[in-house]
Amino acid sequence: MGMIRLAFTLRFIVYTLSILLTAALVLTVLAYPPAIDLAAVPLAVFAGFAVLGTRDLIQTRHAVLRNYPISAHLRFLLEQIRPEMRQYFFEDEKDGRPFSRDKRAVVYQRAKMVLDKRPFGTQYDVYAQGFEWVRQSIMPRPLATAPASVLADRIARGPMMHRYSISRP
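Residues numbered from 1 in each chain as written. Predicted model: local features only at pLDDT ≥ 70, side-chain atom pairs only at ≥ 80, totals over all residues. Heavy atoms only, no water.

**Focus on the overall build of the protein chain**
The number of helices and strands found in the protein chain is 10 helices and zero strands. The order of helices and strands in the protein chain, counted from the N terminus, is α-α-α-α-α-α-α-α-α-α. Every one of the 169 residues in the protein chain was classed for burial, and the buried ones make up 15%. For the protein chain, the proportion of contacts with a sequence separation of at least 24, taken over those separated by at least 6, is 29%. (Helix = DSSP H or I, 4+ residues; strand = E, 2+ residues; numbered from the N terminus. Buried < 20%, exposed > 50% of the residue type's maximum accessible area, 1.4 Å probe, protein only. Contact = heavy atoms within 4.5 Å.)

**A few points about a nonpolar patch on the surface**
Nonpolar side chains collect at one region of the surface, where L74, L77, L78, I81, M85, Y88 and F89 lie side by side and expose about 700 Å² of accessible area between them. Among the structural elements, L74 can be located in helix α5 (residues 71-80). (Patch = residues over 30% accessible without salt bridge, like charges linked within 9 Å, V, L, I, M, F, W, Y side chains within 5 Å. Areas by Shrake-Rupley, 256 points an atom, 1.4 Å probe, with all protein chains shown as cover. Salt bridge = Lys/Arg side-chain N within 4 Å of Asp/Glu carboxyl O.)

**Examining helix α3 (residues 36-58)**
Given a rise of 1.5 Å per residue, 23 residues ought to cover 33 Å, and the 31 Å separating the end C-alpha atoms of α3 matches this to within 8%. Within α3, the axis deviates most sharply at P42, by approximately 30°. Looking only at α3, the buried set comprises A39, L43, A50, G53 and D56. Summarising the contacts, the buried residues of α3 are in contact with α2 (13-31), α4 (63-67) and α5. (Expected span 1.5 Å × (residues − 1). Bend = angle between axes of the 7 residues up to and from the residue.)

**Here's the deal with the side chain of D56**
Here D56 lies in helix α3. By relative accessible area, which is 0% here, D56 ends up buried. Non-local contacts of D56, meaning those with residues more than four positions away in its chain, are made with L65, R66, P69, I70 and H73.

**Quick look at the pattern of salt bridges**
On inspection of all chains with the given rule, the structure shows two salt bridges. Two residues, R55 and D56, come together in a salt bridge whose shortest N-O distance is 3.8 Å. The closest approach of N and O atoms between E79 and R75, which form a salt bridge, is 3.2 Å. One end of the pair is E79 and the other is R75, both in helix α5 and four residues apart, which spans about a single turn.

**Remarks on unusual backbone geometry**
In this structure, I70 is a non-glycine residue whose phi angle is positive, near 75°. Position of I70 among the secondary structure elements: in the loop between α4 and α5.

**Examining the environment of H73**
Relative to the helices and strands, H73 is located in helix α5. Along the backbone, H73 and L52 are 21 residues apart, and their C-alpha atoms lie at a distance of 9.7 Å. Non-local contacts of H73, meaning those with residues more than four positions away in its chain, are made with L52, R55, D56 and L65. Side-chain polar atoms of H73 contact the side chain of D56, separated by 3.0 Å. (Polar contact = N/O pair within 3.5 Å; in protein donor to acceptor, adjacent residues only side chain to side chain.)

**Structural notes on the packing of α2 against α3**
In the contact formed by α2 and α3, the axes pass within 8 Å of each other and the chain directions differ by 145°. Considering only the axes of α2 and α3, their crossing is left-handed. Residues Y15, S18, I19, L21, T22, L25, V26 and V29 of α2 pack against I36, A39, P42, L43, F46, A47, F49, A50, G53, T54 and L57 of α3. When the residues that make up the contact of α2 with α3 are grouped by side-chain class, the tally is 15 nonpolar, four polar and no charged. (Axes fitted to C-alpha atoms, helices over the stretch in contact; angles between N-to-C directions. Left-handed = near helix turned anticlockwise from the far one by under 90°. Nonpolar A, V, L, I, M, F, W, Y, C, P; charged D, E, K, R; others polar.)

Laid out in C-alpha cells, this is it:
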C-alpha cells in the first residue's frame, strides 16, 4: 500500500502518469487497431517519458533526478536558459552588471566609434528623497576666514591633529 501511495506523491506524479498513459494507449491500440493512427505520437511521447523516468530512478549520479524523475529535467532546462530569460523578461532598465540596460547601448556605441543617439544621464529622479548628496556636492564651500596665525598653527601641527590630540595647548 505504501508503494502505491508513493507513486502518487507530487514528486513521482509525472512519472506515474506517463506510465499509466502509456499503458492506456497500448491497451487502446491492442483493443482497436485502427486507433494507431491517432495514438502513435502520444504513445511515443509517453513511452519516451516512461523510459526516461525509469532511467532516472536507476541512475546513481544525480539525487535530484532520482527523487524527481522527469520533473528534474525541466529544472535543468530552466537552469540552462536562465540567463536569456532574465535578460529578456525579468531585468529592469536599471539592473545589470557591469552596466545597466539603459547605459549598455551607449557603451556599445562608444566602443564601436558610433555617435551617441542619447547622452549619458539617468532615469532616476535626482530631486527625490535620498539624492541630497547630488545637490550638496555641487555647492561651493565657503572660504576659511580664520586669522593667518591660526591657519599657520594648524599647518605646523599637521593635518587634523588638533581634533584628535589629547592635550590641547
